[in-house]
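Read off the chains here:
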Amino acid sequence: MSDLTRLTAADLAAALASGDTTSVEVTQAHLDRIAAVDGDVHAFLHVNPQVSLDAAKASDARRKAGTPAGALDGVPIAIKDVLVTTDMPSTSGSKILEGWMSPYDATPVTKIREAGLVPLGKTNMDEFAMGSSTEHSAYGPTRNPWDLDRIPGGSGGGSAAAVAAFEAPLALGSDTGGSIRQPAHITGTVGVKPTYGGVSRYGAIALASSLDQIGPVARTVLDTALLHDVIAGHDPHDSTSLKQEWPSMADAVRKANVTGLRIGVMTELDGDGFQPGVLARFHESLELLKAEGAEIVPVSLPSLAYAVAAYYLILPAEASSNLAKFDSVRFGLRVNPVGGGTVEQVMSATREAGFGDEVKRRIILGTYALSAGYYDAYYGSAQRVRTLVQRDFTAAFANVDVLASPTAPTTAWKLGEQLDDPLAMWRGDIATIPANLAGIPGISLPAGLADEDGLPVGIQFLAPAREDARLYNVGGALEALLASKWGGSILDKAPALTGGTR
Amino acid sequence: MAKAKLMDFDKALEMFEPVLGFEVHVELSTKTKMFSAAPNFFGGDPNTNITPTCLGLPGSLPVVNEQAIRYSISLGLALGCSIAPTSRFARKNYFYPDTPKNYQISQYDEPIAFEGEVEIELADGRSFTIPIERAHMEEDAGKLTHVGGSTGRIQGADYSLVDYNRAGVPLVEIVTKPIFGAAADAPELAKAYVATIRDIVVALGISDARMERGNLRCDANVSLRPHGQEKLGTRTETKNVNSLRSVERAVRYEIQRQAAILADGGTITQETRHWHEDTGTTSPGRPKSDADDYRYFPEPDLLPVVPAPELIEELRAALPEKPAERRRRLKADWGFSDLEFQDVVNSGLLVEITETVAAGAAPQSARKWWTGEVARLANIKNVEPAELVTAAQIAELQQLVDEGALNDRLARQVLEFVIAGEGSPRDIVATKGLAVVSDDGALIAAIDEALLAQPDVLEKIRDGKVQAAGAVIGAVMKAMGGTADAGRVRELVLERAKQV
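Residues numbered from 1 in each chain as written. Chains lettered and ligands numbered in written order. Predicted model: local features only at pLDDT ≥ 70, side-chain atom pairs only at ≥ 80, totals over all residues. Heavy atoms only, no water.

**Q** Explain the overall build of chain A here, please?
**A** Secondary structure assignment for chain A yields 16 helices and 11 strands. A compact globule built from 502 residues should have a C-alpha radius of gyration of about 23 Å, and chain A, at 21 Å, falls within 12% of that. The 502 residues of chain A split such that 64% are buried. When contacts within chain A are restricted to residue pairs at least 6 apart in sequence, those whose partners lie at least 24 apart make up 76%. (Helix = DSSP H or I, 4+ residues; strand = E, 2+ residues; numbered from the N terminus. Rg over C-alpha atoms; globule rule 2.2 N^0.38 Å. Buried < 20%, exposed > 50% of the residue type's maximum accessible area, 1.4 Å probe, protein only. Contact = heavy atoms within 4.5 Å.)

The structure is reproduced here in structure tokens:
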């Protein structure tokens, strides 16, 4: 076979089903690719070839016996380190959890194992998913495969870069304010944030419980759909997971048809503050869809002006409470003050040493926002804005089937460029945050390269809650239109990674 | 610690009006914990009845126990409360190592039950209505054991051990409104209130309600204000009050302590205080103020609790009779006199006697045991009667008496062995050979010997002076080590006197 790492998950599944290749071959090819290029990219925090190959062998045995566990049985996958795993450490990118072995698997991990997918390793991320560049990982940044001097986006820069660098065909991510979609935009890959409650959060190390959602990362819309179908569904361990049967997302991609589809363009996310190349690719994509029979209508959601501010109160508030458990008493890092100390002093020393600056910044902010006397002004106001955002979306979706915007204002920036300006980095989440506040699903897929810097640009679609299939329909259709325009995948244009440059 | 100055109780009440308030925590006896599938069983090896959720491990999530919701609604209804159509869990944030997540999932501004009242009865039969502010659901914390140091408290300990078996056990906290007008009845009212809550939860079958095991815990708030003053005085909250007796004593103590301070022109510090059963005093815990900032916010991992109206009505229809009604019914069923029944109620032994009767004992026998010998021993040991024996053990003991296997004196002896933990009454009778000797052969031999040893007595008996038999009976009982049935010995002595 040709280079197995260049195949999509759907192609690999077909090759495995036909017996053209084996999971061991496929897995080994990806492990070799990781060994070759991950020294440069640093998408992975943990790889254990033996564990992966054992899973691959078990998959081959199932295929041989004619009892595959599912269409993707034997296809490798990378797992964001925010999801706990029993056979690999789970750190959420933090020193405070260095080496932590969970006694249980996160539900999405259980589901991919049950479907026969082969875990390759755990991917890098901003510490506790706080960040948009993966520079806030306690284990060093991930680099963008398009330009190793640039950020891969965040917080799920590891998963996106792994997929973009052909180290894995599939990856799991988590999206609290754009951590799946923004890295997809930055790296020329596809990422989906499902409807809140569509995928179990059990075993996802919580950042902000009311915003977090697990979702698929891949190089094609079909691949994300195939993975979405594996991980979706009610989980009795997660009270917020929805009790409903989901239609096949893969079917939605295969039957993609945008004739008569009403696409709303969010006027607040089209213009000022967005890089010209980002806007150019966005409008071209809309033109392609229009030519295919979709209707493009401008839609205003006035509350989006306050979404970032509200988000950066709600998220830190919930995070300050969610991260309180990291106190050294039951698990994780423990730092004893010189000369010993009380339990409070040990907790304090541990948290001082174990958390990075961005995490401390948000814990302090969140603690403040929840304090007596400030609660109404901060957390209370933010929740009211959240209600307004939800209402704006409900009103918008009364008139359109999906909404569209650029996924993020800019292409990948240089490593270190924004580290001293946290507010600038937070503002970069303007287009992705609203979906999390409203609990609705969103997809980002490649729209092309920006003229000014030649870097990938993504387009985002949003749909009403529980209507994730609409994203796969419009995403699948646009992807096909762009592929025929480009004569292939956008990643064909990415520079070849040779490995060993770092 | 300097001994606190106390004012005479009656004098304190002449000067001040006590205002009470109670927070009673009830551990629900559900099969699993409040938010996880771990067994709701406190005890066993430390840290064995736990799941990732009980430990707050990374990624773990809570899921509400449906049975706990039903129990809480039933309790709310029994307290005469309204049940909220929508109630919500909240996070109470504070760092403490017995709280695995460093926040407790509780209910804050939207409790499941609110605005109720409970009728209680004092020893002399007067009734009192206690206003209930709310009853809300929450999870229990783990248990800390402080090792090293002399006090067993965290201060001065070398290290502490924590057992999370209790972490996540479902609790309902019942909060009263301020209770006015108790005056000199305050201590007794406190005890009667907690006893009534206990009776309610036992009747509902939702808690084991054993205070000594912490199934039922009472924090007693006490404040004083000069008669005629509108503004409430500064309150203290006394914790660690683990028996009905202690509730009464702690309230009395706090009234006397606070009165002494106020009369000297001092001020009361708003704080939690720790009750010491052994010394009958309270000592300061941590300062507590209304400004304690727990940074409450709605628990995002849980959905609001929205009980179906049909469920509420179903649970309302299934409510057991109220304690006051129940008392009237039991008194009639058992045929106790007013005095006997009041005595039972005042001793707080209604539950024990009910259970003993249910286990097969006659009501009068059950009453005599609990208000008699068991109460006497409990008083000596300074514990609650229920801590010594179970209703089933008393019923079994009484059955042995009814069968004639034990006489009263032997039965009391067996009771002491039962209390010492040596087994069931029947086992103890068997292993200790304490049964009444009903083998006439052994008795006759002993009687004949005693009669022949006292020929003058034998003569008198033969002459019809029956009361002379006492000396022989005594000698026989002594020879038999007390295991003989005195009535039977008497019969046989009179019989043998004609034959030897």
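**Q** So what exactly am I meant to see when it comes to the nonpolar core here?
**A** In a soluble, globular protein the nonpolar side chains are often hidden away together inside. Judged by nonpolar contacts, the single largest core of 128 residues is most densely connected at Phe128(A), Ile263(A), Phe393(A) and Phe461(A). The greatest single-element share of this core, amounting to nine residues, is contributed by helix α10 (residues 307–322) of chain A. Not counting residues within four places of it along the chain, the set of residues in contact with Ile263(A) comprises Leu286(A), Leu289(A), Ala294(A), Glu295(A), Ile296(A), Val297(A), Val400(A), Val402(A), Ala404(A), Phe461(A) and Val474(A). Ranked by size, the runner-up nonpolar core spans 73 residues in total, among them Val26(B), Ala113(B), Ile132(B) and Leu244(B). (Core = buried A, V, L, I, M, F, W, Y, C linked by side-chain atoms within 4.5 Å.)

**Q** Looking at this structure, I do not really get the interface of chain B and chain A. What am I missing?
**A** Interface size is commonly expressed as the accessible area that is lost once the parts come together. The interface of chain B with chain A comprises 32 residues on the first partner and 38 residues on the second. Regarding the contact of chain B and chain A, the summed buried area is about 2,700 Å², with carbon and sulfur atoms giving 61% of it. Counting across the chain B and chain A interface gives one salt bridge. Asp301(B) serves as the salt-bridge partner of Arg201(A), at 3.1 Å between the closest nitrogen and oxygen. Taken together, the connections running from chain B to chain A amount to 18 residue pairs in polar contact (both at pLDDT 80 or more). Taken together, the elements giving at least two residues each to the side of chain B that touches chain A come down to α2 (52–55), β3 (90–93) and β14 (297–298) of chain B. Per-element tally for the side of chain B that touches chain A: the top contributor is α2(B), with three residues. For the side of chain B that touches chain A, the class distribution of residues is 20 nonpolar, seven polar and five charged. (Buried area = accessible area lost by both parts, 1.4 Å probe. Salt bridge = Lys/Arg side-chain N within 4 Å of Asp/Glu carboxyl O. Polar contact = N/O pair within 3.5 Å; in protein donor to acceptor, adjacent residues only side chain to side chain. Nonpolar A, V, L, I, M, F, W, Y, C, P; charged D, E, K, R; others polar.)

**Q** Teacher, can you tell me more about the UniProt feature "domain: Amidase" (unreviewed entry) in chain A here?
**A** The feature "domain: Amidase" (unreviewed entry), as annotated in UniProt, sits at residues 25–471 of chain A in this numbering. Secondary structure across residues 25–471 of chain A divides into 38% helix and 13% strand, with the first and last C-alpha atoms of the span separated by 33 Å. (UniProt positions renumbered as here; feature names shortened; annotations may be inferred.)

**Q** Sorry if this is basic, but what is going on with the pairing of strand β8 (residues 295–299) of chain A here?
**A** Look at any regular strand and the pattern is simple: side chains alternate between the two faces of the sheet. Residues and elements named next belong to chain A. The pairing of strand β7 (residues 262–266) with β8 spans five bridges and is classified as parallel. Opposite Arg262, over in β8, you have Glu295 as the bridge partner. Viewed along the sheet, the connection from β7 through helix α9 (residues 276–291) into β8 turns out right-handed. (Pairing = 2+ DSSP bridges. Right-handed = clockwise from strand over helix to strand, strands pointing away.)

**Q** Would you mind going over the sheet that holds β14(B) with me for this structure?
**A** As a general point, the strands of a sheet are linked pairwise by backbone hydrogen bonds and lie either parallel or antiparallel. Sheet architecture is open: three strands sit in the order β4-β3-β14 (chain B), paired in antiparallel fashion. The sheet is open, and its two borders are formed by β4 (103–106) and β14 of chain B, each paired with just one other strand. In terms of strand pairing, β3(B) meets β4(B) through four bridges, oriented antiparallel. In the sheet register, Lys92(B) faces β4(B), and the bridge partner there is Gln104(B). Together, β3, β4 and β14 of chain B form the strand contacts of α10(A), whose direction differs from that of β3(B) by roughly 60°. (Axes fitted to C-alpha atoms, helices over the stretch in contact; angles between N-to-C directions.)

**Q** How should I be thinking about the sheet that holds strand β10 (residues 442–449) of chain A in this particular structure?
**A** Residues and elements named next belong to chain A. Sheet architecture is open: 11 strands sit in the order β1-β3-β2-β4-β6-β5-β10-β11-β9-β7-β8, paired in mixed fashion. Unpaired on one side and paired on the other, β1 (44–47) and β8 mark the two borders of the sheet. Each strand of the sheet is rotated relative to its neighbour by a mean of 30°, with strand direction disregarded. Strand direction decides the pairing type here: β10 and strand β11 (residues 456–462), joined by seven bridges, are antiparallel.

**Q** Looking at this structure, I do not really get the pattern of salt bridges. What am I missing?
**A** When the charged atoms of two side chains lie near each other, side chains of opposite charge can form a pair. Residues and elements named next belong to chain B. In total, this model carries 54 salt bridges over all chains according to the counting rule given. Residue Arg217 is joined to Glu27 by a salt bridge in which the shortest nitrogen-to-oxygen separation is 3.4 Å. Taken together, the residues Arg217 in strand β10 (residues 216–226) and Glu27 in strand β1 (residues 16–27) connect sequence positions 190 residues apart. The residue Glu299 makes a salt bridge to Arg91 at a minimum N-O spacing of 3.0 Å. Here Glu299, found in the loop between β14 and α6 (309–317), pairs with Arg91, found in strand β3; they are 208 residues apart in sequence, far enough to count as distant.

**Q** What am I meant to see in helix α8 (residues 338–346) of chain B here?
**A** Helical periodicity: at 3.6 residues per turn, an α-helix aligns residues three or four positions apart in one direction. Residue and element names in this part refer to chain B. Within α8, the full set of buried residues consists of Phe341, Val344 and Val345. Along α8, the residues classed as buried sweep out an arc of 95° about the axis, all on the same side. The elements touched by buried residues of α8 are α7 (323–334), α9 (350–358) and α10 (363–381). (Arc of directions from axis to C-beta.)

**Q** Help me understand the state of the cysteines in this model?
**A** Put plainly, a disulfide is one covalent bond tying together the sulfur atoms of two cysteines. For the structure shown, the criterion picks out zero disulfides over all chains. Cys81(B) takes part in no disulfide bond, and the closest cysteine sulfur, belonging to Cys218(B), lies 17 Å away. (Disulfide = S-S within 2.5 Å.)

**Q** What is the right way to look at the environment of Pro18(B) in this model?
**A** Residue and element names in this part refer to chain B. Its location among the elements puts Pro18 in strand β1. It is 4.5 Å that separates the C-alpha atoms of Pro18 and Leu224, two residues lying 206 residues apart in sequence. In this structure, Pro18 is in contact with Leu13, Ile179, Ala183, Ala186, Ser223, Leu224 and Ile255, ignoring residues within four places of it in sequence.

**Q** What is the right way to read unusual backbone geometry from this model?
**A** Excluding glycine, residues mostly carry a negative phi; peptide bonds, for their part, are mostly trans. Of note, the amide linkage connecting Gly154(A) to Ser155(A) takes the cis form, showing an omega dihedral of 5°. Along the chain, Ser155(A) falls in the loop between β3 (118–123) and α5 (157–164). One non-glycine residue, Asn240(B), lies in positive phi territory at about 65°. Structurally, the position occupied by Asn240(B) is in strand β11 (residues 236–241).

**Q** Would you mind showing me how to read the packing of α8(B) against α10(B) here?
**A** In a packed pair of helices, the relevant descriptors are the angle between the two axes and the axis-to-axis distance. Residue and element names in this part refer to chain B. The N-to-C vectors of α8 and α10 enclose an angle of 50°; their axes lie 11 Å apart at closest approach. In this view, α8 runs oblique relative to α10, as classed from their interaxial angle. Crossing of α8 against α10: the hand is left-handed. Along the contact surface, α8 presents Glu340, Asp343 and Val344, while α10 presents Gln364, Arg367 and Thr371. For the contact of α8 with α10, the class distribution of residues is one nonpolar, two polar and three charged. (Parallel < 35°, antiparallel > 145°, perpendicular 65-115°, else oblique. Left-handed = near helix turned anticlockwise from the far one by under 90°.)

**Q** Would you mind showing me how to read the confidence of the model for chain B here?
**A** Low-pLDDT stretches of the model should not have their predicted coordinates read in fine detail. Per-residue pLDDT for chain B averages 90, and the proportion of residues at 70 or more is 97%. Both scores are given for the predicted complex: the pTM is 0.85, the ipTM 0.96. (pLDDT = per-residue confidence, 0-100.)

**Q** It is not clear to me how the environment of Asp427(B) should be interpreted in this structure. Could you clarify?
**A** As for its placement among the helices and strands, Asp427(B) is situated in helix α14 (residues 425–432). Placed 13 residues apart in sequence, Asp427(B) and Val414(B) show a C-alpha to C-alpha distance of 9.7 Å.

**Q** Explanation requested: the side chain of Thr224(A) in the structure shown.
**A** Residue and element names in this part refer to chain A. Tracing the chain through its elements places Thr224 in helix α7 (residues 221–231). Of the residues examined, Thr224 reaches a relative accessible area of 0% and is grouped as buried. Among the polar contacts made by the side chain of Thr224, one reaches the main-chain carbonyl oxygen of Val221 at a distance of 2.6 Å. When neighbours within four sequence positions are excluded, Thr224 is seen to be in contact with Val190, Val192, Pro216, Val217, Ala218 and Tyr472.

**Q** Before we go on, may I ask you to explain the packing of aromatic side chains in this structure?
**A** Any aromatic ring pair is given by two values, namely how distant the centres are and how the planes are angled relative to each other. Residues and elements named next belong to chain B. Within the structure shown, the criterion is met by 21 aromatic pairs over all chains. Consider the rings of Phe22 and Tyr193, whose centres lie 5.3 Å apart with planes at 25°: the pair is stacked. A residue pair is termed long-range when its members are at least 10 positions apart, and Phe22 in strand β1 and Tyr193 in helix α4 (residues 186–204) qualify at 171 residues. Each member of the pair, Phe22 as well as Tyr193, is classed as buried. Summarising the aromatic geometry, the rings of Phe35 and Phe89 are spaced 5.3 Å apart at their centres and angled 80° between planes, so their arrangement reads as edge-to-face. (Phe/Tyr/Trp six-rings, centres within 6.5 Å; stacked < 30°, edge-to-face > 60°.)

**Q** It is not clear to me how the pairing of β10(A) should be interpreted in this structure. Could you clarify?
**A** Residue and element names in this part refer to chain A. With seven of eight residues buried, β10 is to be regarded as a mostly interior element. Across three bridges, strand β5 (residues 190–193) lies against β10 in antiparallel orientation. Opposite Val192, over in β10, you have Ile443 as the bridge partner. In this antiparallel pair of consecutive strands, β10 and β11, the connection spans six residues, and Gly454 shows a positive phi of 70°.

**Q** Would you mind showing me how to read the environment of Ser348(A) here?
**A** By the secondary structure assignment, Ser348(A) is in helix α11 (residues 343–354). According to the relative accessible area criterion, Ser348(A) is partly exposed, its value standing at 45%.

**Q** What am I meant to see in α14(B) here?
**A** Residues and elements named next belong to chain B. Buried within α14 we find Pro425, Ile428 and Val429. Take α14 and look down its axis: the buried residues cluster within an arc of 100°, on one side only. Facing away from the buried side of α14 by over 90 degrees, the exposed positions are Ala430 and Thr431. Looking at the buried residues of α14, the elements they touch are α12 (391–402) and α13 (408–419). Within two residues after α14, Gly433 carries a phi angle of roughly 60°, on the positive side.

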